[in-house]
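Now for the letters of each chain:
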Amino acid sequence: MEIRPILSALMRSKVSMVLIGLQVALTLAIVCNALFIIGQRLDNMNRPSGMNEADTFWLGSSGFGQGFDAKAVQQADLALLRQLPGVASATTTNSVPLSGGGWSTGINLQPQQNTSTADTTIYLVDSHALDTFGFKLVGGRNFKPEEVTRTTFGDQLKPASIIVSKALADALFPDGDALGKQVYMDQDPPTSTIVGIIERAQQPWVSSDSIENATLVPTYMPYGNYSRYLVRAEPGRRDEVMKLAEQKLSEANPSRIVGRLRSMEQVREEAYAGDRAMAIILGAVIVALLAVTALGIVGMASFWVAQRTRQIGTRRALGATRFDILRYFQTENFIITTLGLVAGGILAYALSLWLMQTYQAPRLPWYYVPVGFLSLWLLGQLAVLGPALRASRVPPAVATRSV
Amino acid sequence: MLKMTHLQKVYRTHLIETHALRDFSIHVREGEFVAVTGPSGSGKTTFLNIAGLLEEFTGGSYQLDGVDVQGLGDDARSRLRNAKIGFIFQSFNLIPDLNLFDNVDVPLRYRGFPAADRKRRIEEALGRVGLASRMKHYPSELSGGQQQRVAIARALAGSPRLLLADEPTGNLDSLMARGVMELLEEINRQGTTIVMVTHDPELAARAQRNVHVIDGQVTDFDEEPTLKRGAETGDSGLAREGVTA
């Protein structure tokens, strides 16, 4: 291998080498971190909510006028929804996963704890919730109808029974014996007993650190004159049922406005719109950077081939085969890329450190940089292949041509 | 050493055919110093390119050190060129970004010599041309005459059987030209066959034999090599052998 003479020749034309090396270094640093961020966003977007998202939708009812009895309307609405054709199940709820708005509280194992044992979101639901949401019960039981209390907005929640997500159960009772245990909500007695554990239920906030900590509280509690319902349609009938539900609820009581219909698929799309946009933008940046780097290498190598035509001819005259010439340019690119990659590797970890300190981003996994090394080596070799093949076709007779 | 018989070289474009060499025959024996002269466009460089396996020929035959080169592939020609031929170019053709050591090393690397052997050969070759102390210098730091000496060292380092020189003094002033010429004569006295293309009748006169080329054909040649140099040096009888051109 001609590494030493190539390197010493490169050291005599440092500007081009430094520029391309710098480009490779920046590309590696940015691409590694951008890919990691995209990967994180995609992982977030692919997290299951624990719900049946394909068949469910939610809608709101906002009453107006004097004498609007929100509690009575809520019961009537649930009865109406449950008997609509195509409806498999319906429940009242204050929120749903991924929606961006909901309630949260701390859960304690002792009364008057200064710091909560775990944070949780609260879904105020009735005994149809498991069936409607599609939450999978992995321990204990569902709420009994008689356990569902009737409360008014502003009342302190004092549920005798609660169902918690497995993540929350594990956070509260790491030994796995949460079922039947008593916990304190809102810091005060009385206690609530965990009667059921569901496999997974995400919180409404996609960026929450404890996204899978959720608690189902059995209560009917309209938010003033506003109630919200979650409906699960029979498979394949969601869109049809959405229209029907809106129409029938509106007809049933003209003293309110029915609206804010959203399928859970829409809710998910809106929840991750920012992440999706970020992934697309970063993806475009990666493609652009790689393209610019590859074009930079092609441009530099083409320039060098044109500039060194006589030199290549001389090398051929002195005994170089076509493959020797091809290998020369490939090796030269390998050296420049490697120098850039070494700098880029350090830069990548430095950038990751800065993102960690500034944006509390997770640390860049170590293997991103070696994978980036291999990818950019390959990119460099492919980019230089065209000019290198052109160089290998320079005839040796060029050596004797007049300048 | 070099035997071309009825060689033809035709350059073809879609409009015209140019006969660069026609019925070109020459026989250079081992140890000779032959000067090839002729006006511009006469075919001297084409002859040199074919002799040096830099170009292929259209017809006839060419044997280099007993090897029929017709039909050899590109790689085989490169290897044969590397092993048998040393080149000296009018413009020196040194690689500006490599120091003298690395410049002389270029053909040796392609030959695949081990590093220690290459180092010995480079030091020996540069010593032979009087530049051993400047191995780490770059071509731009040398005079034209010194650069041509480096090129000669590069040509000699691989111990070639044949040295092809293309106007080796064409870019040098008369003093430097004389120095280079004396070096070539000394190399020839030590047994290396040299074929030199030149415009300069004075230089040509110093060769053992002159071959004159016009319009791609050999028009004039010495029947016998000049005996003077062989006699002066007590060189072997190789240089005194008859010539077939």
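Residues numbered from 1 in each chain as written. Chains lettered and ligands numbered in written order. Predicted model: local features only at pLDDT ≥ 70, side-chain atom pairs only at ≥ 80, totals over all residues.

On a plain count of helices and strands, chain A comes out with eleven helices and twelve strands. Its C-alpha radius of gyration of 32 Å places chain A more than 25% over the 22 Å reference for a compact globule of 403 residues. Reported as C-alpha extents along the three principal axes, the dimensions of chain A are approximately 105 × 50 × 35 Å. Taking all 403 residues of chain A together, the buried fraction comes to 40%. (Helix = DSSP H or I, 4+ residues; strand = E, 2+ residues; numbered from the N terminus. Rg over C-alpha atoms; globule rule 2.2 N^0.38 Å. Buried ≥ 20, exposed ≤ 12 C-beta atoms within 10 Å, placed from the backbone.)

What follows concerns the overall build of chain B. Counting its secondary structure elements, chain B contains eight helices and ten strands. Partitioning the contacts of chain B with sequence separation of at least 6, the portion at a separation of at least 24 is 69%. (Contact = placed C-beta atoms within 7 Å.)

All names here are of chain B. Taken in spatial order, the four strands of this open sheet run β2-β1-β4-β5, and their pairing is antiparallel. Each having just a single partner strand, β2 (17–28) and β5 (67–68) make up the two edges of the open sheet. Bridge count for strand β1 (residues 2–12) against β2 is eight bridges, and the pairing is antiparallel. Note on β2: the bridge partner recorded for L2 is V28. (Pairing = 2+ DSSP bridges.)

Attention now moves to the pairing of strand β9 (residues 192–198) of chain A. Residues in a regular strand project their side chains so that they alternate between the two faces of the sheet. Residue and element names in this part refer to chain A. Most of β9 is tucked away, with six of its seven residues classed as buried. Sheet topology places strand β5 (residues 137–140) next to β9; three bridges connect them, and they run antiparallel. Pairing of G140 across the sheet is with G196, part of β9. As defined by bridge partners, strand β7 (residues 161–165) adjoins β9 across five bridges and the pair is classed as parallel. Paired with S165 across the strands is I198, a residue of β9. Bridge count for strand β8 (residues 182–185) against β9 is two bridges, and the pairing is antiparallel.

The next thing to look at is the nonpolar core. One broad rule of soluble globular proteins: the nonpolar side chains tend to lie buried together. Among the nonpolar cores identified, the biggest contains 105 residues, and L28 and C32 of chain A together with V36, A153, L164 and V195 of chain B are the most heavily contacted of them. In terms of residue count, the dominant contributor to this core is helix α2 (residues 14–45) of chain A (ten residues). Setting aside residues up to four positions removed in sequence, V195 of chain B forms contacts with L2, V28, V34, V36, A51, L162 and L164 of chain B. (Core = buried A, V, L, I, M, F, W, Y, C linked by C-beta atoms within 7 Å.)

The subject of this paragraph is unusual backbone geometry. All names here are of chain B. At H6, a residue that is not glycine, the phi angle is positive and equals roughly 50 degrees. As for its position among the elements, H6 is in strand β1. A positive phi angle, close to 55 degrees, is found at N93, a residue other than glycine. Examined against the element boundaries, N93 turns out to sit in the loop between β6 (85–88) and α3 (100–111). Owing to 24 C-beta atoms within 10 Å, N93 belongs among the buried residues under this scheme.

In this complex, chain A contributes 23 residues to the contact, which on the side of chain B involves 27 residues. For the side of chain A that touches chain B, the elements supplying multiple residues, two or more each, are α1 (3–10), α9 (309–317) and α10 (322–359) of chain A. With six residues, the top contributor of residues to the side of chain A that touches chain B is α9 of chain A. When its residues are assigned to classes, the side of chain A that touches chain B shows nine nonpolar, seven polar and seven charged. (Nonpolar A, V, L, I, M, F, W, Y, C, P; charged D, E, K, R; others polar.)

Here we come to the sheet that holds strand β1 (residues 56–63) of chain A. Think of a sheet as strands paired side by side through backbone hydrogen bonds, with each pair either parallel or antiparallel. All names here are of chain A. With respect to topology, four strands assemble into an open sheet ordered β2-β11-β1-β12, the strand pairing being antiparallel. Across the chains shown, the open sheet's two edge strands, defined by having one partner strand only, are β2 (87–92) and β12 (256–263). Averaged over all neighbouring strand pairs, the angle between strand axes comes to 25 degrees, with direction disregarded. Both β1 and strand β11 (residues 226–233) contribute to a ladder of seven bridges, which runs antiparallel. When the sheet's bridge partners are listed, F57 is paired in β11 with V231. Contacts from helix α3 (residues 70–83) reach β1, β2, β11 and β12 within the one sheet, and its direction differs from that of β11 by about 10 degrees. Set on the sheet, helix α7 (residues 264–271) makes contact with β1 and β12; between it and β12 the angle comes to about 70 degrees. (Axes fitted to C-alpha atoms, helices over the stretch in contact; angles between N-to-C directions.)

Turning our eyes to something else, we now look at the domain arrangement of chain A. The accessible area lost on association of the parts is a frequent measure of interface size. Looking at the assigned domains, one finds that chain A contains domain 1 (3–46 + 273–400) and domain 2 (56–264). Each of domain 1 of chain A and domain 2 of chain A has a C-alpha centre, and these two points are 54 Å apart. (Domains from an automatic or database assignment.)

This part covers the environment of G144 of chain B. Residue and element names in this part refer to chain B. Assignment of secondary structure puts G144 in helix α5 (residues 144–157). Given 16 C-beta atoms within 10 Å, G144 falls into the partly exposed group. Sequence separation between G144 and E167 is 23 residues; the distance between their C-alpha atoms is 13 Å. Those residues in contact with G144 that lie beyond four places of it in its chain are N171, L172 and M176.

Further remarks concern the packing of α2 of chain A against helix α11 (residues 368–392) of chain A. Residues and elements named next belong to chain A. Taken N-terminus to C-terminus, the directions of α2 and α11 make an angle of 130 degrees; their axes are 10 Å apart at the nearest point. The orientation of α2 with respect to α11, classified from their angle, is oblique. Judged by the twist between their axes, the crossing of α2 over α11 is right-handed. Of α11, the residues touching α2 (which contributes V24, T27, L28, V31, C32, L35 and F36) are Y368, V369, G372 and L376. Residues that form the contact of α2 with α11 fall into these classes: nine nonpolar, two polar and no charged. (Parallel < 35°, antiparallel > 145°, perpendicular 65-115°, else oblique. Left-handed = near helix turned anticlockwise from the far one by under 90°.)

As a further point, take the pairing of strand β4 (residues 118–125) of chain A. All names here are of chain A. Within β4, seven of the eight residues are buried, leaving the element largely enclosed by the surrounding structure. Bridging between β4 and strand β10 (residues 214–220) involves five bridges; their strand directions are parallel. If you follow T121 over to β10, its bridge partner there is A214.

Moving on, we come to the confidence of the model for chain B. Residues and elements named next belong to chain B. The share of residues in chain B with pLDDT of 70 or more is 89%, and the mean pLDDT across the chain is 87. Ranking the helices and strands of chain B by mean pLDDT puts α3 first, with 96, and helix α8 (residues 228–233) last, with 40. This stretch, residues 227–245, has a pLDDT under 50; its non-local contacts, to residues over four places away or in other chains, come to 35 contacts. ipTM for the predicted complex: 0.88, alongside a pTM of 0.80. (pLDDT = per-residue confidence, 0-100.)

Right, let's get into the environment of Q330 of chain A. With respect to the helices and strands, Q330 of chain A occurs in helix α10. In this view, Q330 of chain A contacts Q381, V384 and A388 of chain A; residues no more than four positions away in its chain are not counted.

Summarising the element assignment, A76 of chain A is placed in helix α3. For the pair formed by A76 of chain A and N253 of chain A, sequence separation is 177 residues and the distance between their alpha carbons is 9.7 Å.

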